[in-house]
Amino acid sequence: MMILYHGSYMEIQEPDLKHSRLNVDFGCGFYTTPIYKQAVNWCGRFKRRGAEGIVSCYDFDENAYDKYKVMVFDTYSEEWLDFILNCRSGNDTSDYDMVIGGVANDKVFNTVELYLDHLIDKAEAINRLRYEQPNLQICFRTEDILKNYLHFKGSEQV
């Protein structure tokens, strides 16, 4: 079992895909992280708007890796960059049940925007991203994997 966290403005006992946003890093899905501090940081955007910050905690059954289609990006790479750009532009046609990899946070996306604006080439973008401290996000993209392998443990206000 792996412990995963989700930062929000509310406790989420039963994650689903109905409430997910489109055109984000790894497409429509329920986003978690094994890094508690990162989940707390995700709560920051809600707290800045006057809402509570709630970190929900889950057990993830890693047997899912053997039963579902999973994409893992170990580093910021050209493949990661292409995938992020496809998802953010609404052009993702992949059928992954789960995607794991680095977060395109503000600092990372500044580099991506330089690439999109043709101010740097792809090789330079990847070179710059190597120096960013990678965060980690795990995106559950199908209801089946959510219901069968991610189990709510509790939550806390941060």
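Before any of the text, the structure's been laid out above.
Attention in this report is confined to the structure presented alongside it. (Residues numbered from 1 in each chain as written. Predicted model: local features only at pLDDT ≥ 70, side-chain atom pairs only at ≥ 80, totals over all residues. Heavy atoms only, no water.)

### A look at the sheet that holds strand β4 (residues 70-72)
- The strand order across the open sheet formed by 4 strands is β2-β6-β5-β4, and the pairing between neighbours is mixed. Where the open sheet ends on each side, the last strands, each with one partner, are β2 (30-32) and β4. The sheet shows a mean angle of 15 degrees between the axes of neighbouring strands, direction not considered.
- Where strand β5 (residues 98-101) lies against strand β6 (residues 137-140), 4 bridges are found, and the strand directions are antiparallel. Directly across from Val99, in β6, lies its bridge partner Cys139. (Pairing = 2+ DSSP bridges. Helix = DSSP H or I, 4+ residues; strand = E, 2+ residues; numbered from the N terminus. Axes fitted to C-alpha atoms, helices over the stretch in contact; angles between N-to-C directions.)

### What to know about helix α1 (residues 36-47)
- End to end, α1 covers 17 Å across 12 residues, agreeing with the expected 16 Å (1.5 Å per residue, within 8%).
- What α1 keeps buried is the set Gln38, Ala39, Trp42, Cys43, Gly44 and Phe46.
- Elements that come into contact with the buried residues of α1 comprise β1 (2-8), β2, β3 (54-60) and β6. (Expected span 1.5 Å × (residues − 1). Buried < 20%, exposed > 50% of the residue type's maximum accessible area, 1.4 Å probe, protein only. Contact = heavy atoms within 4.5 Å.)

### Here's the deal with helix α5 (residues 122-129)
- Taken residue by residue, α5 has Lys122, Ala125, Ile126 and Leu129 as its buried positions. Buried residues of α5 fall within an arc of 95 degrees about the axis and therefore sit on the same side.
- The elements touched by buried residues of α5 are α3 (78-88) and α4 (106-116). (Arc of directions from axis to C-beta.)

### Let's talk about the packing of α3 against α5
- For the pair α3 and α5, the least separation of the axes is 10 Å and the interaxial angle reads 100 degrees. With respect to their mutual orientation, α3 and α5 come out roughly perpendicular. Of the residues in α5, those touching α3 at Glu78, Trp80, Leu81 and Asp82 are Lys122, Ala125, Ile126 and Leu129.
- Taken together, the residues of the contact of α3 with α5 break down into 5 nonpolar, no polar and 3 charged. (Parallel < 35°, antiparallel > 145°, perpendicular 65-115°, else oblique. Nonpolar A, V, L, I, M, F, W, Y, C, P; charged D, E, K, R; others polar.)

### A look at a positive patch on the surface
- Taken together, the side chains of Arg21, Arg45, Arg48 and Arg49 present a region of like positive charge at the surface.
- In this structure, Arg45 sits in helix α1. (Patch = residues over 30% accessible without salt bridge, like charges linked within 9 Å, V, L, I, M, F, W, Y side chains within 5 Å. Areas by Shrake-Rupley, 256 points an atom, 1.4 Å probe, with all protein chains shown as cover. Salt bridge = Lys/Arg side-chain N within 4 Å of Asp/Glu carboxyl O. Lys, Arg positive; Asp, Glu negative; His and termini not counted. Charge placed at Lys NZ, Arg CZ, Asp CG, Glu CD.)

### Remarks on the environment of Leu114
- On the secondary structure map, Leu114 appears in helix α4.
- With relative accessibility at 27%, the residue Leu114 sits in the partly exposed group.
- Separated by 80 residues in sequence, Leu114 and Pro34 place their C-alpha atoms 29 Å apart.
- With near-sequence residues (within four places) excluded, Leu114 lies in contact with Leu119, Ile120 and Arg128.

### A word on the state of the cysteines
- According to the stated counting rule, one finds 0 disulfides in the structure shown.
- Unpaired in this structure, Cys28 has its nearest cysteine sulfur neighbour in Cys139, at a distance of 7.7 Å. (Disulfide = S-S within 2.5 Å.)

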